[in-house]
Structures are given as structure tokens and as C-alpha cells.
Amino acid sequence: MGVELDQRTEAPANGELRVAPSILSADFAHLGAAVAAIEPVCSWLHVDVMDGHFVPNLTIGPPVVQSLRPVSQLFFDCHLMITNPERYLEAFKVAGADGCTVHVEVGNTAAHLDHMEDLGLRLGLAVNPDGDFSLVEPFMDRLDLLLVMTVFPGFGGQSFIADAMATVAAARAYATAHHLAVDIEVDGGIGPSTIATATEAGANVFVAGSAIFGAADPARAAAGLLEAATATRRSLG
Ligand code: DX5
Ligand code: ZN
């Protein structure tokens, strides 16, 4: 299991509903203002890191985290879509990352989790929409966060892949059966028309990029997503 966290990065209670805006969809010419706009209504910020090798896109790295750290109290949830995360985990920690998530598809998962734990990062593991829960089950007892991708990684604005809900449901069932305080995060195509489905399947952290930063009022859009997840959770009893 991950490490004790300080007040700012207090890990949410198991299953607490969270919306994590993805800055990939924000205006990079005004990133500080974009983050400030959602800061009052969110507690997490999703930072999409891509290396142009694990995924066919190239985005940002530790310097952007370092620039945002002093101006934001949000939990920095860094999604590392990169082939060799071991080369950069320390740099992300030093820059101000609170949690990092590596992909099970890059291999060496146990070593990456050890490395994150040694650095005092919250431990995250991601699986692509075509990945089976069996790929990540061996690591579940160690995780603070399991990220079930609902698009194939690389770009914002893609359509939700509902087949991934089977993995979300299997993960939630496993966490419940084993009394694990692990967040189950979904990422990709999350918006007003899909967040209920993800909540019903058992997700509790919802990454949204275009649905938030593509909206006229990002704070209102983020709040609306949280309200929708809360209403769905309540309807489940
Ligand atoms: C895709 C990223 C996602 C993406 C989400 O590889 O991991 O976080 O930015 O963007 P939307 O919400 O627009 O699908
Ligand atoms: Zn992401």
C-alpha cells in the first residue's frame, strides 16, 4: 500500500467520488488560469504525460508540474503514458507530483511500484480498455489507485469504450472482497452521458478533459459531473 500523505494530498476515503480535470484539454497558453478556474470545485488535477513512444503523442513533463505546483493545492494525479517511467519518477516527485500512474502494458510493474513507494508517491497502475482485470489483479493489494482506461491512450476528445466497464466492475468487486482502500479511476470520454455508467460499474474517480476544459464554464462542467456521479451513487442505494 502507498505512503501516508500530507494534508494537501490527503487520500480520499475509499470510494469517495472525485472529478480529476485533465489539463491535456486545457489552453496551454493559459494553463495557470485554467487550473485556477477549476480549483474551487475539484480536489484532483490529472496530468497527461506522453512520450510519443508508448502512445503516438507527445505532451508535457516535470517542468509543467513544477510550474503549476506553487500555484495549486490540488492533488497532482500524473498519468505516465511513457515506456520507461523509471527514468522520470523521481523528477516528477521533485517537481511536485502527488501520485503517479504507470501502465501495466510497459512491464516491470512491481519494480515501478517499489520505486514510487520509495519516492513517497501515491501508487497508481493503469490498464488499457482491451486489458483484462487479470493483468492488474496481482498488484491490487499494493495500489492506491487503479486507472481503467476508457479510451486507448494518446488523445483527448475520444469516445468512451463501454467494454472497459467489465474491468471496472471486476476491480471494484475485488477491492470490496479484499477490503482495499483503492481508488478506481476511469479516463477517456467521460462526460454527462457516460459518467453514470462508470459510476454504476464501480468507478469513484473520473478524469475528464474535453467535457471540462471544452466547456464554456469549466468549473460548472466539473461540478455538474460530480453532481451526476453523486446522484447515480445515491440511486444505487
Ligand atoms: C488520454 C488521456 C486522457 C484524456 C481525457 O490518453 O489519458 O486523460 O486526456 O480526455 P477526454 O476526457 O477528453 O477523453
Ligand atoms: Zn489520462
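Relevant structure appears above.
Definitions and limits used
- Residues numbered from 1 in each chain as written.
- Chains lettered and ligands numbered in written order.
- Predicted model: local features only at pLDDT ≥ 70, side-chain atom pairs only at ≥ 80, totals over all residues.
- Heavy atoms only, no water.
- Helix = DSSP H or I, 4+ residues; strand = E, 2+ residues; numbered from the N terminus.
- Rg over C-alpha atoms; globule rule 2.2 N^0.38 Å.
- Buried < 20%, exposed > 50% of the residue type's maximum accessible area, 1.4 Å probe, protein only.
- Contact = heavy atoms within 4.5 Å.
- Areas by Shrake-Rupley, 256 points an atom, 1.4 Å probe, with all protein chains shown as cover.
- Pairing = 2+ DSSP bridges.
- Right-handed = clockwise from strand over helix to strand, strands pointing away.
- Arc of directions from axis to C-beta.
- Near = heavy atom within 4 Å.
- Polar contact = N/O pair within 3.5 Å; in protein donor to acceptor, adjacent residues only side chain to side chain.
- Core = buried A, V, L, I, M, F, W, Y, C linked by side-chain atoms within 4.5 Å.
- Donors = N, O, S within 2.8 Å, 3.2 Å for Na, K, Ca; no water.
- Tetrahedral: all angles 85-135°; square planar, octahedral: opposite > 155°, others 65-115°.
- Salt bridge = Lys/Arg side-chain N within 4 Å of Asp/Glu carboxyl O.

K.L.:
Tell me about the overall build of the protein chain, residues and numbers included.
P.N.:
Looking only at helices and strands, one finds 8 helices and 8 strands in the protein chain. For 237 residues, the compact-globule estimate of 2.2 N^0.38 gives 18 Å, and the protein chain sits close to it at 16 Å. Over its C-alpha atoms, taken along the principal directions, the protein chain stretches across nearly 45 × 40 × 35 Å. The burial tally for the protein chain puts 54% of its 237 residues in the buried class. A separation of at least 24 residues holds for 64% of the contacts in the protein chain among residues at least 6 apart in sequence. A total of about 9600 Å² of accessible surface is found on the protein chain, and carbon and sulfur atoms cover 54% of it.

K.L.:
Lay out the pairing of strand β4 (residues 99-103) with the relevant residues and their values.
P.N.:
Within β4, 5 of the 5 residues are buried, which leaves it mostly tucked inside the rest of the structure. What you see with β4 is no split at all: Gly99, Thr101 and His103 on one side and Cys100 and Val102 on the other are buried throughout. Here strand β3 (residues 75-81) runs beside β4; their pairing, made up of 4 bridges, is parallel. In the strand pairing of β4, Cys78 is matched with Cys100. For the segment spanning β3, helix α3 (residues 89-95) and β4, crossover handedness is right-handed. In this region the chain leaves β4, passes through helix α4 (residues 109-119) and returns to the parallel neighbour strand β5 (residues 122-127); the handedness of that crossover is right-handed.

K.L.:
Could you give me a rundown of α4, with the residues and numbers involved?
P.N.:
All of the buried residues along α4 are Thr109, His112, Leu113, Met116 and Leu119. Around the axis of α4, the buried residues are gathered within 125 degrees of arc, so they sit on the same side. Buried-residue contacts for α4 involve α3, β4 and β5. Gly120 occupies a position one or two residues after α4 and carries a positive phi of about 80 degrees.

K.L.:
Provide a residue-level description of the site of ligand 1, including the pertinent values.
P.N.:
The environment of ligand 1 is made up of 20 residues, and the closest members are Asp48, Gly154, Asp187, Gly209 and Ser210. Within the backbone of Gly154, a nitrogen or oxygen atom sits 2.7 Å from an oxygen atom of ligand 1. Take Gly209: an N or O atom from its main chain is 2.7 Å from an oxygen atom of ligand 1. When isolated, ligand 1 has an accessible area of 380 Å², and the protein chains bury 100% of it. Elements supplying a minimum of two residues to the shell around ligand 1: β2 (44-50), β3 and β8 (205-208).

K.L.:
Any details on the nonpolar core? Residues and values, ideally.
P.N.:
Ile23, Leu45, Cys78, Leu80, Cys100, Met140 and Phe206 are the most contacted members of the largest nonpolar core, which totals 64 residues. Top contributing element to this core by residue count: helix α5 (residues 165-177), with 5 residues. Not counting chain neighbours up to four residues away, the residues in contact with Cys78 comprise Val47, Val65, Phe92, Ala97, Gly99, Cys100 and Thr101. Counting residues in hydrophobic clusters, the runner-up holds 10 residues, among them Phe75, Leu147, Val151 and Val207.

K.L.:
Describe the environment of Ala215, listing the residues and the values that go with them.
P.N.:
Mapped onto the secondary structure, Ala215 falls in the loop between α7 (210-213) and α8 (218-235). Classification of Ala215 as partly exposed rests on a relative accessible area of 24%. Through-space distance from the C-alpha of Ala215 to that of Leu45 is 17 Å; in sequence the pair is 170 residues apart. If we skip the residues at most four places from it in the chain, Ala215 touches Ser210 and Ala221.

K.L.:
Talk me through the coordination of the zinc ion (ligand 2); I want residue IDs and the actual numbers.
P.N.:
Coordination of the zinc ion (ligand 2) by the protein comes from His46 (NE2), Asp48 (OD), His79 (ND1) and Asp187 (OD), over a distance range of 2.1 to 2.3 Å. Taken together, the 6 donor atoms surrounding the zinc ion (ligand 2) define angles of 73 to 174 degrees at the centre, an arrangement classified as octahedral. Counting the intervening residues between successive donors of the zinc ion (ligand 2) yields the motif H-x1-D-x30-H-x107-D. On the criterion of sequence distance, the pair formed by His79 in strand β3 and Asp187 in strand β7 (residues 183-187) is long-range, its members being 108 residues apart.

K.L.:
I'd like to hear about the pattern of salt bridges, residue by residue, with values.
P.N.:
Applying the stated criterion across every chain, the model contains 6 salt bridges. Among the salt bridges present, the one from Glu16 reaches Arg18, with a minimum N-O distance of 3.2 Å. Among the residues examined, Glu16 registers a relative accessible area of 36% and is labelled partly exposed. The exposure class assigned to Arg18 is buried, which follows from its relative accessible area of 12%.

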